[in-house]
Amino acid sequence: GVIQLALVKGEQGHQDSEQRSNNCLLGLKELNYDYEILQSTFCDWTSETSFTEFEKIYLNNLDENGTSKIELVLSNNDAMALGVIDYLKTLPIYNKDIAIEDQFFPIIGVDATNVALKSIKNNELSGTVQNDYKVQVELIYKLACKILNIHYDSSLEDISLNKKIYYTKGTIITKDYLTK
């Protein structure tokens, strides 16, 4: 009844690392899932560091039968999620004909990079989230205009300079989403 997870974070102390991690965990709670973080590591947003760090996590979380206790990997970006996958592919039990999540556990990233989308289609990465860059760009534009006291035709009523964080919805991308 408790999801055993590994958390692969970006850069230590980086706002995005903390926000992405916290929001993933909050999302699990909101969906009424209990979880235990078996281990967490910082991988500086790179697949190479993630590969090396995840090897340690994987080996530290094997039970007495040599089976992984990890049930889910949450990664702050796609590059690090792909580093985890690259490590799993080096294991002798890896079978290229079986989906990674069916052999090991689901792995979820963020950013919806082209490489990640290909990995989803190849049954490796379980999913990713694509941020709505159009909404983000519009918000940056509105904030800049408000800060610089520049008037433009769009309403600024929804922008408050006292608010420190603005959330935009992302799109959840899985294999089902890609095959629609």
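Higher on the page you've got the structure.
Procedures and definitions
Residues numbered from 1 in each chain as written. Predicted model: local features only at pLDDT ≥ 70, side-chain atom pairs only at ≥ 80, totals over all residues. Heavy atoms only, no water. Helix = DSSP H or I, 4+ residues; strand = E, 2+ residues; numbered from the N terminus. Buried < 20%, exposed > 50% of the residue type's maximum accessible area, 1.4 Å probe, protein only. Contact = heavy atoms within 4.5 Å. Areas by Shrake-Rupley, 256 points an atom, 1.4 Å probe, with all protein chains shown as cover. Salt bridge = Lys/Arg side-chain N within 4 Å of Asp/Glu carboxyl O. Patch = residues over 30% accessible without salt bridge, like charges linked within 9 Å, V, L, I, M, F, W, Y side chains within 5 Å.

So, the overall build of the protein chain
1) Next: When its secondary structure is counted, the protein chain shows 7 helices and 6 strands.
2) Next: Shown N-terminal to C-terminal, the secondary structure of the protein chain runs as helices and strands in the order β-α-β-α-β-α-α-β-α-β-α-β-α.
3) Next: Counting only C-alpha atoms, the protein chain reaches 65 × 35 × 30 Å along its principal axes.
4) Next: In the protein chain, which comprises 180 residues, the proportion classed as buried is 34%.
5) Next: Pairs at least 24 residues apart make up 64% of the contacts formed inside the protein chain by residues separated by at least 6 positions.
6) Next: For the protein chain, the computed accessible surface area is about 11000 Å², with 50% contributed by carbon and sulfur atoms.

A few points about unusual backbone geometry
1) Next: Despite not being glycine, Asp44 shows a phi value in the positive range, around 50 degrees.
2) Next: Tracing the backbone shows Asp44 in the loop between β2 (34-42) and α2 (47-60).
3) Next: For Asp44, a relative accessible area of 44% translates into the label partly exposed.

Examining the pattern of salt bridges
1) Next: Enumeration according to the criterion identifies 6 salt bridges in this entry.
2) Next: Taking the shortest distance from any N to any O, the salt bridge between Arg20 and Asp111 comes out at 3.5 Å. Here the residue Arg20 occupies a position in helix α1 (residues 15-30), and Asp111 occupies one in the loop between β4 (107-108) and α5 (114-121), the gap between them amounting to 91 residues.

Observations concerning a nonpolar patch on the surface
1) Next: On the surface, Ile147, Leu148 and Ile150 cluster together to form a nonpolar patch covering roughly 310 Å² of accessible area.
2) Next: Within the secondary structure, Ile147 is located in helix α6 (residues 133-147).

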